Amino acid sequence: MHHCWMDQRYSRITELSAAQHGAVSLNQLERAGVDRQLRSAWAAAGLITRLGPNSYAIVGSEASWHRSAWAAAADVAGAGFVAGRSGARLHGLDGFGLLSAKTVDPVEVLVSRSHRGVRTPHVVGSTSILLGRIDSIEIDGVRCLK
């Protein structure tokens, strides 16, 4: 089956990604009607690149720490949040800025103990403390711990 890659769905997704540092979540793609077959076609055409289990980058978006942080939040949504040194960086705390201008620094996430085996390219910590939406805040478009 042939798909038109540059249809309204792709336009909506690229517009959405502009506010998310060039990234989109698997859930957002599915809600826009982008099924597995179309995601595969877009990936084969170089229109999207997988960043993590639940996140993608849009072609032309610049690799950045913020894009990685947004993707990390999407990858652990429902299981945890961006936290640790990455959370401190988002909060603007002294001493937690960019480690290197030439690389995309690793992103740290904190997940509940029951999700500690989550598969993600990010640095994962776990806790037995129950964390919910009330414990999180959105900073620069990235959901992290307060």
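This text goes with the structure placed above it.
Worth saying up front: this structure is predicted, and the values here are computed from it rather than measured.

Caption draft 1: Expanded view of the pattern of salt bridges. Tallied over the entire structure, the rule returns four salt bridges. The residue D7 makes a salt bridge to R9 at a minimum N-O spacing of 2.5 Å. Taking the relative accessible area as the measure of exposure, D7 reaches 16% and is therefore buried. Residue E138 pairs with R143 through a salt bridge whose shortest N-O separation is 3.9 Å.

Caption draft 2: Looking closely at helix 5 (residues 84–91). The complete set of buried residues in helix 5 reads S86, G87, A88, R89 and L90. For helix 5, the elements touching its buried residues are helix 4 (65–75), strand 4 (80–82), strand 5 (108–112), strand 7 (136–139) and strand 8 (142–145). Looking one or two residues past helix 5, G92 carries a phi angle of roughly 80°, positive in sign.

Caption draft 3: Structural view of the sheet that holds strand 1 (residues 23–25). Reading across from one edge, 1-3-2 is the order of the three strands in this open sheet, with antiparallel pairing throughout. The open sheet terminates on both sides in strands that have one partner only, identified here as strand 1 and strand 2 (48–52). Each adjacent strand pair in this sheet contributes to an overall mean axis angle of 35°, direction not counted. Pairing of strand 1 with strand 3 (residues 55–58) involves three bridges; the strand directions are antiparallel. Looking across to strand 3, one finds that A23 is bridged to A57. Packing against the sheet, helix 1 (residues 8–18) makes contact with strand 1, strand 2 and strand 3, and its axis sits at approximately 95° to strand 3. Along the sheet face, helix 4 touches strand 1, strand 2 and strand 3 and points at about 0° away from the line of strand 1.

Cut-offs used in this document
Chains are numbered independently. Their residues run from 1 in the order of the written sequence. Reporting of local features is limited, given that this is a predicted model, to residues whose pLDDT is at least 70; pairs of side-chain atoms are given and counted only at 80 or more, and all residues count toward the totals for whole chains, interfaces and linings. Side-chain measures here rest on the full set of heavy atoms in the structure, leaving out hydrogens and waters. Any Lys or Arg side-chain nitrogen found within 4 Å of a carboxyl oxygen on Asp or Glu counts as a salt bridge. Remark: exposure states derive from per-residue accessible area (1.4 Å probe, protein chains only) relative to the maximum for the residue type, with buried under 20%, exposed over 50%, and partly exposed in between. Strands here are runs of E lasting at least two residues and helices are runs of H or I lasting at least four, both read from the DSSP assignment and numbered beginning at the N terminus. Residues count as neighbours in contact if any of their non-hydrogen atoms are within 4.5 Å of one another. Two strands pair under a simple rule: DSSP has to find at least two bridges between them. Lines fitted to C-alpha atoms define the axes, with helix axes restricted to the stretch in contact, and inter-axis angles between N-to-C directions lie between 0 and 180 degrees.

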